[in-house]
Amino acid sequence: MTTMSTTDLRALIRDVPDFPKPGVGFRDITPVLASPEGFHAAVSGLTELSREYRPDHVIAAEARGFLFGPAVAAELGAGFVLARKPGKLPRETVSVEYSLEYGVDRLEVHTEAIGPGARVLVHDDLLATGGTARALCELVEAAGGEVVACAFLLELAFLDGRERLAGRPVHALLRDDAE
Ligand SMILES: O=P(O)(O)OC[C@H]1O[C@H](OP(=O)(O)OP(=O)(O)O)[C@H](O)[C@@H]1O
Ligand SMILES: Nc1ncnc2[nH]cnc12
């Protein structure tokens with residue numbers, strides 16, 4: 001399959017004003033999933049951004065982190081680790097609270113999912129305030145792993161989320177500079 005340009009990939013993402021509350025400009029990535037070419041471009045672009053970090057695992061949070069994360073992990077020859085909302089994982093977990101652009105939440109990971117010294121790539125569809133990605137970094141580090149990089153489909157650069165990830169390499173396939 002030929003790979004679509006990043007301009008065409010960005011054009012698939014719909015901007016929805018005032019969702020889920022007034023003042024938030026929501027980026028709807030569902031058309032990327034609906035397009036075979038779009039999904040392929042997203043997965044191969046994220047894979048190429050991440051390959052040099054040679055991760056053992058890719059970690060991402062439900063729900064939207066689960067859309068591209070497992071496909072990118074498989075392309076990299078890495079395992080996929082699920083970070084879930086409270087009470088969903090059946091065995092012993094590590095947990096962190098985090099803040100969102102529109103709320104507060106908690107994420108959990110199986111304690112044994114990340115071995116000591118494991119190289120872990122943090123992934124999400126979108127970097128907004130950085131609260132979710134920072135929580136993922138804290139989960140990895142609490143479990144004894146090393147965050148080798150963070151890779152996003154789209155960065156909302158005007159929210160300065162990457163500042164909350166200080167010290168870790170941060171890459172995004174697409175970037176919006178304004179609301
Ligand atoms: O950088 P942040 O400010 O943390 O925002 C980014 C996060 O927000 C969205 O998830 P959301 O919490 O809306 O949940 P969902 O994946 O279940 O839709 C998105 O998928 C990221 O995980
Ligand atoms: N503006 C936004 N659009 C889509 N998902 C988001 N998650 C946090 N902020 C978001």
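Report on the accompanying structure. As the structure is a prediction and not an experimental result, all values here were calculated from the model.

1. Some words on the pattern of salt bridges
Next, step 1: Taken as a whole and judged by the stated rule, the model has 15 salt bridges.
Next, step 2: For the salt bridge of glutamate 179 with arginine 27, the shortest nitrogen-to-oxygen distance reads 3.8 Å. Note that glutamate 179 is positioned in the segment after β9 (170-176) and arginine 27 in strand β2 (residues 25-28), a separation of 152 residues in sequence.
Next, step 3: Because the salt bridges share partners, they merge into one network encompassing Arg10, Asp15, Arg27, Asp176 and Glu179.

2. A short note on the packing of helix α3 (residues 36-50) against helix α4 (residues 65-76)
Next, step 1: Close contact between α3 and α4 brings their axes to 9 Å; oriented N to C, the two are set at 55 degrees. Looking at the two axes, α3 sits oblique to α4. Note on packing geometry: the crossing formed by α3 with α4 is right-handed. Contacts between α3 and α4 pair Phe39, Ala42, Val43, Leu46, Thr47 and Ser50 from the former with Leu67, Phe68, Ala71, Val72, Glu75 and Leu76 from the latter.

3. Let's talk about the sheet that holds strand β8 (residues 146-156)
Next, step 1: Taking strand neighbours across the sheet as the criterion, the five strands line up as β4-β3-β7-β8-β9 in an open arrangement whose pairing is parallel. Two strands close off the open sheet at either side, each with one partner strand: β4 (79-83) and β9. Across the sheet, the mean angle separating the axes of adjacent strands is 20 degrees when strand polarity is ignored.
Next, step 2: The sheet contact formed by β8 and β9 spans six bridges and is parallel. Pairing of glutamate 155 across the sheet is with arginine 175, part of β9.
Next, step 3: Along the sheet, α3 contacts β7 (119-127), β8 and β9; its crossing angle with β9, the most-contacted strand, is approximately 140 degrees.
Next, step 4: Sitting on the sheet, α4 is in contact with β3 (57-61), β4, β7 and β8, with an inclination near 160 degrees to β4.

4. Topic: unusual backbone geometry
For residues besides glycine, phi is generally negative; the peptide bonds are generally trans as well.
Next, step 1: Residues phenylalanine 19 and proline 20 are joined by a peptide bond in cis, for which omega reads 0 degrees.
Next, step 2: With an omega of -5 degrees, the peptide bond between glutamate 62 and alanine 63 qualifies as cis.
Next, step 3: On the secondary structure map, alanine 63 appears in the loop between β3 and α4.
Next, step 4: Backbone geometry places aspartate 18, a non-glycine residue, at a positive phi of 60 degrees.
Next, step 5: The residue aspartate 18 is located in the loop between β1 (14-17) and β2 in this model.

Parameters and conventions
Residues numbered from 1 in each chain as written. Chains lettered and ligands numbered in written order. Predicted model: local features only at pLDDT ≥ 70, side-chain atom pairs only at ≥ 80, totals over all residues. Heavy atoms only, no water. Salt bridge = Lys/Arg side-chain N within 4 Å of Asp/Glu carboxyl O. Helix = DSSP H or I, 4+ residues; strand = E, 2+ residues; numbered from the N terminus. Axes fitted to C-alpha atoms, helices over the stretch in contact; angles between N-to-C directions. Parallel < 35°, antiparallel > 145°, perpendicular 65-115°, else oblique. Left-handed = near helix turned anticlockwise from the far one by under 90°. Contact = heavy atoms within 4.5 Å. Pairing = 2+ DSSP bridges.

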